[in-house]
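Spelled out, the chains give:
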Amino acid sequence: RPRVLSGIQPTAGSFHLGNYLGAVRQWVALQESHDAFYMVVDLHAITIPQDPAELRSNTRIAAAQLLAAGLDPERCTLFVQSHVPEHAQLGWVMNCLTGFGEASRMTQFKDKAAKQGADRTSVGLFTYPILQIADILLYQAHQVPVGEDQRQHIELTRDLAERFNSRYGDTFTMPAPYILKETAKIYDLQDPSAKMSKSAASPKGLINLLDEPKVSAKKVKSAVTDTDTVIRYDAENKPGVSNLLTIYSTLTGTSIPELEQKYEGKMYGALKTDLAEVMVDFVTPFRDRTQEYLDDPETLDAILAKGAEKARAVAAETLATTYDRLGFLPAK
Ligand code: TYM
C-alpha cells in the first residue's frame, strides 16, 4: 500500500470549510486505499503564541473533528505531532540542510511575517516549512493530501529529499502533493478572490464547521456573487458563484453541469437558499459527532496514544537510518 501523510493545525478550534474540502475530505477517502498517517500539528501551532490551556483543548477538538469527519483509527494512524519526538529531531537535521535563501522564499512565511512585523515573528515561523519537511520524510510518504497553499512546502520537501539522498545515499521516499483540482482552493464567501482562511479580514466569509448551523446558513445566504444573473461555473469571471457551485457539488456529490442545469433560469437567491440547507445538513451531524468524541476524552486520548505508538515505530526507524547516514556515533 502506498503511504500518505498529512497534518492540520489545532490553532483555530474549529476547522473551516476550506480545511475540510481542501484536505480532510481527501484524508478520509485515502485511508481506504493507502497506509495513512494523519496528525494534529501542535509543534507547528506554537510558531505563533498560544495560550497553553487553549492549545491543549484545541488539540483534542482537532482530533475529535478528524474522527467526526470520518477518520477511522482502525484504518489510519491518527496522532499528535508532539507525541512523536522524532519530528523535532529530524526537523533539526533538515534545518541544517536547507539554505537560508531557500527558506526565505517561502511565500506563506513572507505573507505571515509581513502581517505581524519582524519583531513579532518567531524564528520558528521561519523554519516552519522545514519542520513540515521532517513530518513528511519521517514516514516515507508517497503522497501528501493538502490544499493548494501547501504546494510550495511540498516542493521544498522534494528538493530536500533529493539533496539528502544524493549526498548521503538513498534514504527518503520522494513525496508528491495530492491536490484535487476542484477543491484545491476554497474561497472566502465575502471576497472570492481570497482563499477561505481563519485570518480573513471579515469573519462573514469564513464557514467554521463548529459554529451554530444557522450562523453558517446565514453566511451562505449573504455570500458575494456578481451583478450578472446566470448560474454558471466560470472561475475567472464569476468567482463567487463558481465557489458556491464547487462547495455545493462536493458536499452533495452532484456534478457541476448537473447543478448548472438544475438552476437554469433561476436566481442566485435560489442557489444560496438551497446551499444554506445543504450546509446545515452537513455541519449539524458533524458538530454532534465532534461533541460525542469530546464528551469522552479518555477514549479520545487512548486513540491518540495508540496512534502515536504506531507513528513512532515508523518515525524512529527513519530517524535511526538518517543519523547513521549523517555519521552520528551510535549511543550504545
Ligand atoms: P493548515 O492547518 O493551515 O490547513 C490544513 C489543510 O487545509 C488546507 N486548506 C485549504 N484547502 C483549500 N482551500 C482553502 N481555503 C484552504 N485553507 C486551508 C491546507 O492546504 C491544509 O492541507 N502546514 C500545514 C500543516 C502541516 C502539514 C504537514 C501538511 C504540517 N505538517 C505535513 C502536510 C504534511 C498547515 O498549516 O495546514
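Since we're looking at a predicted model, the values are computed, not measured.

## Regarding the packing of aromatic side chains
- Under the defined criterion, the tally for this structure stands at 11 aromatic pairs.
- Aromatic side chains Trp27 and Tyr38 sit 4.8 Å apart centroid to centroid with 5 degrees between the ring planes, which places their arrangement in the stacked category. Highlighted residues: Trp27 in helix H1 (residues 17–30) and Tyr38 in strand E2 (residues 35–40), separated in sequence by 11 residues.
- When its relative accessible area of 0% is taken as the criterion, Trp27 is described as buried.
- By relative accessible area, Tyr38 is classed as buried at 0%.
- Centroid distance Phe164 to Tyr168: 4.6 Å. Interplanar angle 40 degrees. Geometry classified as tilted. Residue Phe164 and its partner Tyr168 are both found in helix H8 (residues 151–168); the two are separated by four residues, about one turn of the helix.
- Over the ring of Tyr128 we find Lys112, and its NZ or CZ is 4.9 Å from the ring centre.

## A few points about the pairing of E2
- Of all six residues in E2, five are buried; the element is thus mostly enclosed.
- With six bridges joining them, strand E1 (residues 3–8) and E2 adopt parallel strand pairing. Of the residues in E2, the one forming a bridge with Ile8 is Val40.
- In terms of strand pairing, E2 meets strand E3 (residues 76–80) through five bridges, oriented parallel. Among the inter-strand pairings, Val40 is bridged to a residue of E3, identified as Val80.

## Describing the pattern of salt bridges
- Counted under the stated rule, the structure contains 13 salt bridges.
- Across the pair Asp226 and Lys238 runs a salt bridge, and its minimum N-O distance is 3.3 Å. One end of the pair, Asp226, is in the loop between helix H9 (213–221) and helix H10 (239–252); the other, Lys238, is in the loop between H9 and H10, with 12 residues separating them in the sequence.
- Note on Asp226: relative accessible area 24%, which makes it partly exposed.

## Considerations on the side chain of Asp135
- With respect to the element layout, Asp135 can be found in helix H7 (residues 123–138).
- Among buried Asp, Glu, Lys and Arg side chains, Asp135 stands out as unpaired, with Lys112 the closest opposite charge at 12 Å.
- Within the structure, the side chain of Asp135 is placed 3.0 Å from the side chain of Gln81, a separation counted as a polar contact.
- Of note is the side chain of Asp135, whose polar atom sits 2.7 Å from the side chain of His87.

## Overview of H1
- Taking 1.5 Å as the rise per residue, H1 with 14 residues should run 20 Å; its terminal C-alpha atoms sit 19 Å apart, in good agreement.
- Ala23 marks the point of greatest bend in H1, at about 40 degrees.
- Across the 14 residues of H1, 11 count as buried, placing the element largely inside the fold.
- Within H1 the residues assigned to the buried category are Leu17, Gly18, Tyr20, Leu21, Gly22, Ala23, Val24, Gln26, Trp27, Val28 and Leu30.

## Concerning empty space enclosed by the protein
- For the structure shown, the criterion picks out one cavity of 30 Å³ or more.
- By volume, the largest cavity is sized at about 50 Å³.
- Among the residues making up the lining of the largest cavity, the classes are represented as four nonpolar, two polar and one charged.

## A closer look at the site of the ligand
- Within the structure, the ligand sits among 28 residues, and Tyr128, Asp135, Gly147, Asp149 and Ile186 are positioned closest to it.
- The contact in question runs from an oxygen atom of the ligand to an N or O atom on the backbone of Gln9, over 2.9 Å.
- Between the ligand and Asp149, the relevant distance is 2.4 Å, taken from an oxygen atom to a side-chain nitrogen or oxygen of the residue.
- Taking 710 Å² as the accessible area of the ligand by itself, protein coverage stands at 96%.

Scoring rules and cut-offs
Within any chain, residue numbers begin from 1 and follow the written order of that chain's sequence. The predicted origin of the model limits local features to residues at a pLDDT of at least 70 and limits the giving and counting of side-chain atom pairs to 80 or more, whereas totals for whole chains, interfaces and linings rest on all residues. As a convention, hydrogens and water are excluded, and side-chain values are obtained from all of the structure's heavy atoms. Whether two aromatic rings pair depends on their centres lying within 6.5 Å, for rings of Phe, Tyr and Trp, where Trp uses its six-membered ring; planes under 30 degrees apart make the pair stacked, over 60 edge-to-face, and the rest tilted. Strands here mean DSSP runs of E at least two residues long; helices mean DSSP runs of H or I at least four residues long; both are numbered from the N terminus. Partly exposed describes any residue whose relative accessible area lies between the buried limit of under 20% and the exposed limit of over 50%, with all areas from a 1.4 Å probe on protein chains only and scaled to the type maximum. Comment: the charge-over-ring label is applied if NZ (Lys) or CZ (Arg) is within 6 Å of the ring centre and within 35 degrees of the ring normal. Pairing between two strands requires that DSSP report at least two bridges joining them. Any Lys or Arg side-chain nitrogen found within 4 Å of a carboxyl oxygen on Asp or Glu counts as a salt bridge. For the purpose of charge, His is not counted, nor are the chain termini; Lys and Arg are scored as positive and Asp and Glu as negative. For this analysis, a polar contact is any N or O atom pair within 3.5 Å, provided that within protein one partner can donate a hydrogen and the other can accept it, and provided that sequence-adjacent residues contribute only side-chain to side-chain pairs. The span you would expect from a helix comes to 1.5 Å times its residue count less one. Two axes enter the bend calculation: one fitted to the seven residues ending at the residue in question, the other to the seven starting there, and the bend is the angle between them. Cavities and pockets are defined on a 1 Å grid built over the protein atoms alone: a cavity is a set of grid points where a 1.4 Å probe fits but cannot escape, while a pocket is an open set with protein on both sides within 12 Å along at least five of seven lines, and lining residues are those with an atom within 4 Å of any such point. Grid points are joined across faces, edges and corners, and a volume is the space filled by probe spheres set on the points. Ten residues, namely Ala, Val, Leu, Ile, Met, Phe, Trp, Tyr, Cys and Pro, are considered nonpolar, four, namely Asp, Glu, Lys and Arg, are considered charged, and the remaining ones, Gly among them, are considered polar. Throughout, near means a residue has at least one heavy atom within 4 Å of the molecule or strand. In short, Shrake-Rupley with a 1.4 Å probe defines the accessible areas, and a residue's cover is counted only from the protein chains shown.

Bear in mind that shape data such as this cannot, by itself, settle questions of function.
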